[in-house]
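Chains, contacts and geometry: an overview
Below are the chains, spelled out letter by letter.
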Amino acid sequence: MEQLSIGATVAATYAFTFRRYLRILGVTWFPSALTAIASVWLFFPLMGRFVAATAARNPAVLMASVGPLLLAEALVLLVALMIGVGVTRLALGRPLRWPFFFFTLGADFWRLLLAGVLLALLMFVLLVVASIVLGIVVGLLTTAIPTGSNPAASATRFAPVVVGGVYGAMLFLMVRFGMLLPSVVIAEQRFGLGRSWAASRGNFWRLLAVLVATLLPFIMIGALQVVLSRGMAVASSEATQLAWSQHFIGLLSAYPYIYVPAVIVISPIYYGLFFGSGAFAYQALVPTQGAQVADVF
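My aim in this report is to walk through the structure given alongside it, one point at a time. (Residues numbered from 1 in each chain as written. Predicted model: local features only at pLDDT ≥ 70, side-chain atom pairs only at ≥ 80, totals over all residues. Heavy atoms only, no water.)

1. So, the overall build of the protein
When helices and strands are tallied, the protein shows 13 helices and zero strands. Element order for the protein, N to C, with α for helix and β for strand: α-α-α-α-α-α-α-α-α-α-α-α-α. For the protein, the proportion of its 297 residues judged to be buried stands at 36%. Restricting to contacts in the protein with at least 6 residues of sequence separation, those with at least 24 account for 80%. (Helix = DSSP H or I, 4+ residues; strand = E, 2+ residues; numbered from the N terminus. Buried < 20%, exposed > 50% of the residue type's maximum accessible area, 1.4 Å probe, protein only. Contact = heavy atoms within 4.5 Å.)

See the structure below:
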């Protein structure tokens, strides 16, 4: 069983992302520009109407907005998978047909998409089972360790156990099944769920550490957003929060000449770190497959 070197993998990922920034930009700029432009003209207006309907408590508009928003999210995920194919190929040393203009609907993309769908279904089933089991355990604990005359209040004390268990199971499955998946799909030409599970055996904590370390800048930004959001929630009313959300969405829509270039410039860093970490971890854990270079585009 190969033991992953956290430091070497993180260093290789950052070196790949920043030293080959222009090559990664060649993969990401067109799909990212499409996504950003679609967001400005379609997604942000939909979000604006959704927020306005939430503020006005208009269920008809809310329900009418759900379908288009889900479709927009699905399209964003498809573009992200497409970029993932290109960036992973670069990290694994595979050639690209057009190095500075990337768009693919080839076999790698479809295999990765199907593998992602299968992983989502597997996670859904396993998480439902985990939720049921944890719910039963909490129910037994509530009965065995009464904390008062109100059963609902007793159960609430154990709610973090269920929530933490479900999120923990989700994280475990995502790391074990998902982190190496794009590399397995591309390098080995298979759907790769079982292979990803086998290759990551004994390295869950190392893979998680690599993922956290490589995405640390974006994790810190996300944490800051959460802190600011909670601060706003405490300091202001729901109406004020919704008004601010509408204002922010309006700013993004009003300045596409700032938003679109910013997305294009940042996208190589995000996708390089995210997919690069999985590719270099795969090369370390499966050196024979990871070292192969073949034109399978």
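2. Points about the side chain of Thr214
Mapped onto the secondary structure, Thr214 falls in helix H9 (residues 204–214). Looking at Thr214, the relative accessible area reads 0%, which means it is buried. In this view, Thr214 contacts Val10, Thr13, Tyr14, Leu273 and Ser277; residues no more than four positions away in its chain are not counted.

3. Details of the nonpolar core
Formed by 48 residues in total, the largest nonpolar core has its most connected members in Phe16, Val87, Leu180, Leu181, Leu207 and Tyr282. Ranked by residues supplied to this core, first place goes to helix H3 (residues 59–92) with nine residues. In this structure Val87 touches Phe16, Ile24, Val27, Thr28, Tyr271, Gly272 and Phe275, once residues within four positions along its chain are discounted. In terms of nonpolar packing, the next biggest core, distinct from the first, is built from 15 residues, Tyr21, Val40, Leu46 and Val51 among them. (Core = buried A, V, L, I, M, F, W, Y, C linked by side-chain atoms within 4.5 Å.)

4. What to know about the environment of Val129
Within the element layout of this structure, Val129 appears in helix H4 (residues 107–144). Look at Val129 and you get partly exposed, because its relative accessible area is 44%. In this structure the C-alpha to C-alpha distance between Val129 and Val166, which are 37 residues apart in sequence, comes to 9.7 Å.

5. Some words on the packing of aromatic side chains
The full count for this structure, using the stated rule, is 18 aromatic pairs. For the ring pair Phe44 and Tyr259, a centre distance of 5.3 Å and an interplane angle of 70° mean the geometry is edge-to-face. Of this pair, Phe44 sits in helix H2 (residues 21–56) while Tyr259 sits in helix H12 (residues 256–285), and the two are 215 residues apart along the sequence. Taken together, a centroid distance of 5.2 Å and an interplanar angle of 85° make the contact between Phe218 and Tyr270 edge-to-face. Of this pair, Phe218 sits in helix H10 (residues 216–235) while Tyr270 sits in helix H12, placing them 52 residues apart in sequence. The structure contains a cluster of three or more aromatic residues connected by ring pairs, namely Phe172, Phe177, Trp197, Phe204 and Trp205. (Phe/Tyr/Trp six-rings, centres within 6.5 Å; stacked < 30°, edge-to-face > 60°.)

6. Regarding the environment of Trp98
By secondary structure assignment, the location of Trp98 is in the loop between H3 and H4. Under the relative-accessibility criterion, Trp98 is labelled partly exposed at 47%. Separated by 71 residues in sequence, Trp98 and Val27 have C-alpha atoms that sit 8.7 Å apart.

7. With respect to unusual backbone geometry
Positive phi values are uncommon outside glycine, yet Gln189 reaches one of about 55°. In this fold, Gln189 is placed in the loop between helix H7 (181–188) and helix H8 (193–199). Residue class for Gln189 comes out partly exposed when judged on its relative accessible area of 32%.

8. Points about the packing of helix H1 (residues 6–19) against H9
Relative to each other, H1 and H9 sit at 35°, their axes nearing to 9 Å. As for the relative orientation of H1 and H9, their crossing is right-handed in sense. In contact with Ile6, Thr9, Val10, Thr13 and Tyr14 of H1, H9 contributes Arg206, Ala209, Val210, Ala213 and Thr214. Split into classes, the residues belonging to the contact of H1 with H9 amount to six nonpolar, three polar and one charged. (Axes fitted to C-alpha atoms, helices over the stretch in contact; angles between N-to-C directions. Left-handed = near helix turned anticlockwise from the far one by under 90°. Nonpolar A, V, L, I, M, F, W, Y, C, P; charged D, E, K, R; others polar.)

Interpretation note: all reported values are geometric properties and have no functional meaning in isolation.
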